[in-house]
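One letter stands for each residue in the lines below.
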Amino acid sequence: WRKCAGFGVLGLPVPSEYGGMGLGITDVITVMEGLGYGARDQGLLFSINAHLWTNTLPILVYGSQEQRTKYLPGLCNGSLIGANGASEPDAGSDVFSMRTRAERRGDHYVLNGTKTFVSNAPVADLFAVYATVDARLGPMGITAFLVERGTPGLTVTRKMEKMGLRTSPMAEIAFDDCAIPVAN
């Protein structure tokens, strides 16, 4: 992880103003393919891809300027590890069945629910998490939240053992009245 960060792999498509290399998609895919051929184990590559495509790039594309400035430099240099919470124990990745809820309470949203198959969860510093704010809207009622490790109400629960990709840590995460600032 640290060697890849030192070579700039964790920030390949991120503009240099945020600590990345600013490369195009073809270059990024070529590097990922090369790592796939050269790696002894695909777990590292799997974790890098989870970090990059489901955490770092959504912040770059959809995040606020404040979020980009706060999180992208650390995600690019490897001092922060990203994870993504979308799948759920009873729903998989079926957004129509998502049960994790977020309720607005003043200047915070309060999250309650569970996510499963969260790559990097045991070591992650920043989780991009999806929760329903209005179930009547189906998938259009889902919103993304950035949740930092250590936020009260966030627990990394059951570590998941796998048949393959064992060097890519995976776990469930739970939210129990986890208050997230509206800015996240």
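None of the values given here were measured: they were computed from a predicted structure.

Reading the values: the criteria
- Residues numbered from 1 in each chain as written.
- Predicted model: local features only at pLDDT ≥ 70, side-chain atom pairs only at ≥ 80, totals over all residues.
- Heavy atoms only, no water.
- Helix = DSSP H or I, 4+ residues; strand = E, 2+ residues; numbered from the N terminus.
- Contact = heavy atoms within 4.5 Å.
- Areas by Shrake-Rupley, 256 points an atom, 1.4 Å probe, with all protein chains shown as cover.
- Lys, Arg positive; Asp, Glu negative; His and termini not counted.
- Charge placed at Lys NZ, Arg CZ, Asp CG, Glu CD.
- pLDDT = per-residue confidence, 0-100.
- Disulfide = S-S within 2.5 Å.
- Salt bridge = Lys/Arg side-chain N within 4 Å of Asp/Glu carboxyl O.
- Expected span 1.5 Å × (residues − 1).
- Bend = angle between axes of the 7 residues up to and from the residue.
- Buried < 20%, exposed > 50% of the residue type's maximum accessible area, 1.4 Å probe, protein only.
- Polar contact = N/O pair within 3.5 Å; in protein donor to acceptor, adjacent residues only side chain to side chain.
- Axes fitted to C-alpha atoms, helices over the stretch in contact; angles between N-to-C directions.
- Parallel < 35°, antiparallel > 145°, perpendicular 65-115°, else oblique.
- Left-handed = near helix turned anticlockwise from the far one by under 90°.
- Core = buried A, V, L, I, M, F, W, Y, C linked by side-chain atoms within 4.5 Å.

1. Quick look at the overall build of the chain
Piece 1. Secondary structure summary: the chain contains 4 helices and 7 strands in total.
Piece 2. Along the chain, from the amino end to the carboxyl end, the secondary structure elements read α-α-α-α-β-β-β-β-β-β-β.
Piece 3. Dimensions of the chain, computed from C-alpha atoms along their principal axes, come out at roughly 45 × 40 × 30 Å.
Piece 4. Counting contacts in the chain only where the partners sit at least 6 residues apart, residues at least 24 apart contribute 63% of the total.
Piece 5. Accessible surface computed for the chain: about 9600 Å², of which carbon and sulfur atoms make up 56%.
Piece 6. Of note, the chain has its 16 positive side-chain charges centred 4 Å away from the centre of its 17 negative side-chain charges.

2. Section: the confidence of the model for the chain
Piece 1. For the chain, the average pLDDT comes to 93, and 100% of its residues sit at 70 or higher.
Piece 2. Of all helices and strands in the chain, the one with the weakest mean pLDDT is helix α2 (residues 25-38) (92), whereas helix α4 (residues 65-77) scores best (98).

3. Considerations on the state of the cysteines
Piece 1. In total, this model carries 0 disulfides according to the counting rule given.
Piece 2. Distance from the sulfur of Cys76, which forms no disulfide, to the nearest cysteine sulfur (Cys4) is 14 Å.

4. Topic: the pattern of salt bridges
Piece 1. Counting across every chain of the model gives 6 salt bridges.
Piece 2. The shortest N-O distance in the salt bridge between Arg105 and Glu103 comes to 3.5 Å.

5. Looking at the environment of Val133
Piece 1. Along the chain, Val133 falls in the loop between β4 (126-132) and β5 (142-148).
Piece 2. Val133 sits 23 residues away from Val110 along the chain, and the two C-alpha atoms are 9.9 Å apart.
Piece 3. When sequence neighbours within four positions are dropped, the list of residues in contact with Val133 reads Ala102, Tyr109, Gly141, Thr143 and Phe145.

6. Topic: α4
Owing to its 3.6 residues per turn, the α-helix aligns residues three or four sequence positions apart on the same side.
Piece 1. Between the first and last C-alpha of α4 there are 19 Å, a value that for 13 residues agrees with the 18 Å anticipated at 1.5 Å per step.
Piece 2. The sharpest bend along α4 measures roughly 35° and falls at Tyr71, with the proline Pro73 sitting one to four residues further on.
Piece 3. Of all the positions in α4, only Gln67, Arg68, Tyr71, Leu72, Gly74, Leu75 and Cys76 are classed as buried.
Piece 4. Elements that come into contact with the buried residues of α4 comprise α1 (2-6), α3 (43-62), β1 (82-85), β4 and β5.
Piece 5. One or two positions beyond α4, positive phi appears at Gly78, with a value near 85°.

7. Things to note about the side chain of Asn55
Piece 1. Within the secondary structure, Asn55 is located in helix α3.
Piece 2. The class for Asn55 is buried, based on a relative accessible area of 0%.
Piece 3. In terms of polar contacts, Asn55 uses its side chain to reach the backbone carbonyl oxygen of Ala83, at 2.8 Å.
Piece 4. A distance of 3.0 Å separates a polar side-chain atom of Asn55 from the backbone oxygen of Leu126.
Piece 5. Other than its neighbours up to four places away in sequence, Asn55 contacts Ala50, Leu75, Gly82, Ala83, Leu126, Phe127 and Ala128.

8. So, the packing of α3 against α4
Piece 1. Interaxial distance between α3 and α4 falls to 9 Å at its minimum, and their mutual angle equals 150°. When the interaxial angle is binned, α3 and α4 end up roughly antiparallel. Relative to α4, α3 is oriented so that their crossing is left-handed. Facing α3, whose interface residues are His51, Asn55, Thr56, Ile59, Leu60 and Val61, α4 presents Gln67, Arg68, Tyr71, Leu72 and Leu75.

9. Some thoughts on the nonpolar core
Piece 1. Counting 18 residues, the largest nonpolar core has Leu111, Phe127, Phe145, Val147, Ile173 and Phe175 as the members making the most contacts within it.
Piece 2. Breaking this core down by element, the ones donating at least two residues are β3 (108-119), β4, β5 and β7 (170-181).
Piece 3. Considering every element that reaches this core, the biggest residue donor is β7, with 5 residues.
Piece 4. Once residues lying within four places of it in the same chain are set aside, the contact partners of Leu111 are Arg101, Ala102, Val129, Phe145, Val147, Phe175, Asp176, Asp177, Cys178 and Ile180.
Piece 5. In this structure, Leu60, Leu72, Ala128 and Leu146 belong to the second largest nonpolar core, which totals 12 residues.

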